[in-house]
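Survey of secondary and tertiary structure
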Amino acid sequence: MLPGTPVAEVAGLCWVAHDPAADRRALEELADWCEPFSPIIGLENADPPDSLLLDVTGLGPLFGDEAALAERLARALARQRLRVRLALADTVGAAWALAHAGGEFTVVPSGGGEAALVDLPVAALRLAPSQTALLQELGVQRVGQLLALPRASLARRFGAALLLRVDQALGRVPETIVSHRPSPEVVVERQLEHPLQQREALAQLIAALVEQLARRLAERQMGAIQLACQIVCQPGEAQFVVGLFQPSATARHLSELFQTRLDQIELPGPFVAVRLSVLSAARLATRQRALFDDPQDRRRELALFVDRLSSRLGQGAVLQAALVPDAQPEYAYRYAPLAGARSRRGPSEKRAVADLSRPLLLEPRPIALVAIAVAPQGAPRQFVWRGQSMRVARSWGPERIQTGWWRGRRIRRDYYRVEVEAGDRYWLFRSGGQWFLHGVFD
């Protein structure tokens, strides 16, 4: 449940309105954010969905192995202050079961799915509630007990739906992940008659495909914002995503970005096919060139610079601040990639804009102040900071900030903007009788 508008508060318990549509939007935004870890990300087939499914087949060598990929994803989510349950397994059904009924982080070796499932409750197989209740009445509590029963008896009593879930979890019936994205807008690919190993040949093939892709985009007056490259090898495959700061259909620029990313990946073997896809695009801006200096040229140069940096260092290394709806200032922002519009914003983020009521930069931690003179109500009249006595000339506030039970330790603060006699402005707050400085206005 996402924090919403509080409707009641009794004895420290805060009730918030549940918004399923907002939950789904946040899950879709999180799927966008996870794209550096997988080109195929889908929402589970449930109403409402509460899980993301990532296809990481063949991506292990790009991160060391699949376990290292899962650990890297878990750390990245933790840095975003998201608590998740993550499982890596051969099948969608096994991963879902272990994420919901296993530990917070589970990695199952290839071929070990059945052994990992036997001790889980039968509900972990994504069964209908009526089926789970009937199995429990019959004394079947665990997946291992269910697997020991004759299939013919299960089919007669529960129908084909139960056996389908069992077979999906064990990999007997394939289950594909349906991407939450629409189909790529433009796709170009090339199949080879014989496998090749030379990186130079691969670079030339990608450059030729980029030329085709750029022509198709230009015909539509569209520019790519996010592209994917899939290299099918023997065995396995390599995949990566390229994001742009602004739409582009320039073959030379796109080819340069692909080449930079290509230099950073390891191929699991000789390649036999290459596929380029435009994941998201936008209409190209058309304008008449100015005779003299044009600010648009500087913006275009900045966009090229951001694209090159993002391609060389990774999208996660070239960031911008994005606001998130959180009452506590320390958590009211996060950093989002500049390149790639669809992955630029994380869950519930919006582009950072100026807020004159708060300073642009905060102290890493609120600094305790010594208040010399304090009014019964309102900001301090005088305080000491960095060894200097500051006399307050004007003040504005209070702005009360209060967090609920979901944050853990309860936070309650009264913030004031104060202007001292020297003209500088500070952002102070009072908590538990103690005054703190949280930021300085430029």
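Only a predicted model underlies this, so the values are computations on that prediction, with no experimental measurement involved.

Conventions adopted
Residues numbered from 1 in each chain as written. Predicted model: local features only at pLDDT ≥ 70, side-chain atom pairs only at ≥ 80, totals over all residues. Heavy atoms only, no water. Helix = DSSP H or I, 4+ residues; strand = E, 2+ residues; numbered from the N terminus. Expected span 1.5 Å × (residues − 1). Buried < 20%, exposed > 50% of the residue type's maximum accessible area, 1.4 Å probe, protein only. Pairing = 2+ DSSP bridges. Axes fitted to C-alpha atoms, helices over the stretch in contact; angles between N-to-C directions. Contact = heavy atoms within 4.5 Å. Left-handed = near helix turned anticlockwise from the far one by under 90°. Nonpolar A, V, L, I, M, F, W, Y, C, P; charged D, E, K, R; others polar. Salt bridge = Lys/Arg side-chain N within 4 Å of Asp/Glu carboxyl O. pLDDT = per-residue confidence, 0-100. Patch = residues over 30% accessible without salt bridge, like charges linked within 9 Å, V, L, I, M, F, W, Y side chains within 5 Å. Areas by Shrake-Rupley, 256 points an atom, 1.4 Å probe, with all protein chains shown as cover. Lys, Arg positive; Asp, Glu negative; His and termini not counted. Charge placed at Lys NZ, Arg CZ, Asp CG, Glu CD. Core = buried A, V, L, I, M, F, W, Y, C linked by side-chain atoms within 4.5 Å. Phe/Tyr/Trp six-rings, centres within 6.5 Å; stacked < 30°, edge-to-face > 60°. Lys NZ or Arg CZ within 6 Å of the ring centre and 35° of its normal.

A few words now on helix α11 (residues 251–262). Taking 1.5 Å of rise per residue, 12 residues should cover 16 Å, and α11 covers 16 Å from first to last C-alpha, within 8% of that figure. Those residues of α11 that sit buried are A251, H253, L254, L257, F258, T260, R261 and L262.

A sheet is described by the order of its strands in space; here four strands give the open sequence β7-β10-β8-β9, paired in antiparallel fashion. Each edge of the open sheet is held by one strand with a lone partner, namely β7 (186–196) and β9 (237–248). Strand-to-strand twist of the sheet, defined as the mean angle between neighbouring strand axes without regard to direction, takes the value 10°. By the bridge criterion, 11 bridges tie strand β8 (residues 222–233) to strand β10 (residues 271–283) in an arrangement that is antiparallel. Paired with Q230 across the two strands is R275, which belongs to β10. Each of β7, β8, β9 and β10 is contacted by helix α10 (residues 199–219), which is oriented at about 160° to β7, the strand it contacts most. Taken strand by strand, α11 contacts β8, β9 and β10, and its axis lies near 145° from that of β9.

Within the secondary structure, D47 sits in the loop between β3 (40–43) and β4 (52–55). C-alpha separation for the pair D47 and P20, spaced 27 residues apart in sequence, amounts to 9.6 Å.

Our next topic: the sheet that holds strand β14 (residues 362–374). What the six strands build is a closed barrel, ordered β14-β15-β16-β17-β18-β19; its pairing is antiparallel. The mean angle between the axes of side-by-side strands here comes to 45°, regardless of whether they run parallel or antiparallel. Judged from the four bridges that link them, β14 and strand β19 (residues 434–440) form a sheet pairing that is antiparallel. The partner of A368 across the bridge, within β19, is F436.

This part is about the packing of α10 against α11. Look at α10 against α11: their axes get within 9 Å of each other, and the N-to-C directions meet at 145°. Note that α10 runs across α11; the crossing there is right-handed. Where α10 approaches α11, its residues R199, L202, A203, I206, A207, V210, E211, L213 and A214 are matched on the opposing element by A251, L254, S255, F258, Q259 and L262. Within the contact of α10 with α11, the residues separate by chemical class into 11 nonpolar, two polar and two charged.

On to the pattern of salt bridges. Scanning the model with the defined rule gives 11 salt bridges in all. Here E104 ties to R83 by a salt bridge, and the two come within 3.7 Å at their closest N and O atoms. Here E104, found in the loop between α4 (92–101) and β6 (105–107), pairs with R83, found in the loop between α3 (66–79) and β5 (86–88); they are 21 residues apart in sequence, far enough to count as distant. You can call R83 exposed: its relative accessible area is 78%. The partner of D167 in a salt bridge is R151, with the nearest N and O atoms 3.1 Å apart. Here D167, found in helix α9 (residues 160–170), pairs with R151, found in helix α8 (residues 151–158); they are 16 residues apart in sequence, far enough to count as distant. Bridged by salt links that share partners, the residues R151, D167 and R172 form one connected network.

Turning to helix α1 (residues 20–33), a few remarks are in order. The terminal C-alpha atoms of α1 lie 20 Å apart, and with 14 residues this matches the ideal 20 Å at 1.5 Å per residue to within 8%. Those residues of α1 lying buried are A22, A26, L27, L30, A31, D32 and W33. Contacts made by the buried residues of α1 are with β3, β4 and α3.

Turning next to the side chain of S248. In this structure, S248 sits in strand β9. Excluding anything up to four places from it in sequence, S248 contacts L217, G223, A224, H253, L254 and L284.

Turning our eyes to something else, we now look at the confidence of the model for the chain. When pLDDT is averaged across the chain, the result is 81; 82% of the residues are at 70 or more. The model gives residues 1–8 a pLDDT under 50, and that stretch makes 21 contacts with residues more than four places away or in other chains. When the criterion is pLDDT under 50, residues 341–354 qualifies, and its contacts beyond four places in sequence or with other chains add up to 48 contacts.

Together, D65, E66, E71 and D90 give the surface a local cluster of negative charge. With respect to the element layout, E71 can be found in helix α3.

What tends to happen in soluble globular proteins is that the nonpolar side chains get buried as a cluster. I206, L213, I231, F258, V274 and L276 are the most contacted members of the largest nonpolar core, which totals 34 residues. Only β7, α10, β8, β9, α11 and β10 provide two or more residues apiece to this core. Core analysis: the next-biggest nonpolar cluster, separate from the first, contains 24 residues, A94, A97, V108 and A124 among them.

A cluster of nonpolar side chains, namely L319, Y333 and Y335, defines an oily patch on the protein surface of about 280 Å² accessible area. Of the residues examined, Y333 reaches a relative accessible area of 32% and is grouped as partly exposed.

Another aspect to go through is the pairing of strand β17 (residues 412–420). One face of the sheet, then the other: side chains in a regular strand alternate in exactly this way. Among the nine residues in β17, seven count as buried, and that is most of the element. When strand β16 (residues 388–402) meets β17, the two strands line up antiparallel, connected through eight bridges. Each bridged residue has a counterpart across the sheet, and for Q402 the counterpart in β17 is R412. Bridging between β17 and strand β18 (residues 425–431) involves six bridges; their strand directions are antiparallel. Bridge pairing in β18 places E419 opposite R425.

Turning our attention to the packing of aromatic side chains. This model, assessed by the stated rule, comprises eight aromatic pairs. Seen from their ring centres, W33 and F37 are 6.5 Å apart, and the 40° between their planes marks the pair as tilted. The burial state of W33 is the same as that of F37; both residues are buried. With centroids separated by 5.0 Å and ring planes inclined at 20°, the aromatic side chains of F429 and F436 adopt a geometry described as stacked. Ring-pair connections join several aromatic residues into one group, and the members of that group are Y415, W427, F429 and F436. Here the guanidinium or amino end of R413 rests over the ring plane of F429, the centre of that ring lying 4.5 Å away.

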